[in-house]
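# Summary of structural features
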Amino acid sequence: VQLQASGGGLVQAGGSLRLSCAASGRTFSNNAMGWFRQAPGKEREFVAAISRSGGSTYYQDSGKGRFTISRENAKNTVYLQMNSLKPEDTAVYYCAAGRICNSGNYYYSRYYDYWGQGTQVTVSS
């Protein structure tokens, strides 16, 4: 699976962005999908994840109520809608895919097998 993230950019605090991650290959629907982010000088952290069917979603506490993850298996694409953005959301955002079955594993990068190249999100105050 190859992943291509897009949709990042510069936005003012309170604004919105929609990230997309397009996957190649026929096995997209077999993979759970996740979004992670990494700010300068910080470790990569979990943002959101969605199950293979899209029936279950998981969020980091700081994103709950502001971020929404969704997927369109017919288009091999996963999205991250980000609203009410804050300067602390500034980071490179990465999409990832993995064959995750245990709900407790969605939050950890080590369970994802494939990663996109990242897209920069910058939120100005």
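This text goes with the structure placed above it.
Here is a short report on the structure shown in this document. Only a predicted model underlies this, so the values are computations on that prediction, with no experimental measurement involved.

### Some points on the side chain of Asp89
- Relative to the assigned elements, Asp89 resides in the loop between β8 (77–82) and β9 (91–98).
- Within polar-contact distance, the side chain of Asp89 engages the backbone nitrogen of Lys86 at 2.8 Å.
- For Asp89, the contacting residues outside a window of four places in its chain are Arg37, Arg66, Phe67, Ser84, Val121 and Val123.

### Remarks on the nonpolar core
- Counting 27 residues, the largest nonpolar core has Trp35, Leu80, Met82 and Tyr93 as the members making the most contacts within it.
- Contributions of two or more residues to this core are made by β1 (3–6), β3 (17–23), β4 (32–38), β5 (45–50), β7 (67–72), β8, β9 and β11 (119–124).
- Residues within four places of Met82 in sequence aside, it is in contact with Gly15, Ser16, Leu17, Leu19, Arg66, Phe67, Tyr93 and Val121.
- Counting residues in hydrophobic clusters, the runner-up holds nine residues, among them Phe36, Ala49, Ala96 and Tyr112.

### Concerning the side chain of Asn31
- You can see Asn31 is positioned in the loop between β3 and β4.
- By relative accessible area, Asn31 is classed as buried at 1%.
- For Asn31, the side chain forms a polar contact with the main-chain oxygen of Thr27, separated by 2.8 Å.
- Other than its neighbours up to four places away in sequence, Asn31 contacts Val1, Arg52, Arg71, Ala97, Gly98, Arg99 and Tyr114.

### With respect to the environment of Ala96
- Tracing the backbone shows Ala96 in strand β9.
- Residue classification places Ala96 among the buried residues on the basis of a relative accessible area of 0%.
- Ala96 sits 22 residues away from Gly118 along the chain, and the two C-alpha atoms are 9.7 Å apart.
- Leave out the neighbours within four places in its chain, and Ala96 touches Leu3, Ala32, Met33, Gly34, Tyr112, Tyr114 and Trp115.

### Brief notes about the state of the cysteines
- Tallied over the full model, the rule gives one disulfide.
- Note on cysteine connectivity: Cys21 is disulfide-linked to Cys95, with sulfurs 2.1 Å apart. Taking the sign of the S-S torsion, 60° for the link of Cys21 and Cys95, the bridge is right-handed. Of the two residues, Cys21 sits in strand β3 while Cys95 sits in strand β9, which places them 74 residues apart along the sequence. Across the pair, exposure class does not vary: Cys21 and Cys95 are buried alike.
- Of all cysteine sulfurs in the structure, the one in Cys21 sits closest to Cys101, which takes part in no disulfide; the separation is 20 Å.

Definitions and cut-offs
- Residues numbered from 1 in each chain as written.
- Predicted model: local features only at pLDDT ≥ 70, side-chain atom pairs only at ≥ 80, totals over all residues.
- Heavy atoms only, no water.
- Helix = DSSP H or I, 4+ residues; strand = E, 2+ residues; numbered from the N terminus.
- Polar contact = N/O pair within 3.5 Å; in protein donor to acceptor, adjacent residues only side chain to side chain.
- Contact = heavy atoms within 4.5 Å.
- Core = buried A, V, L, I, M, F, W, Y, C linked by side-chain atoms within 4.5 Å.
- Buried < 20%, exposed > 50% of the residue type's maximum accessible area, 1.4 Å probe, protein only.
- Disulfide = S-S within 2.5 Å.

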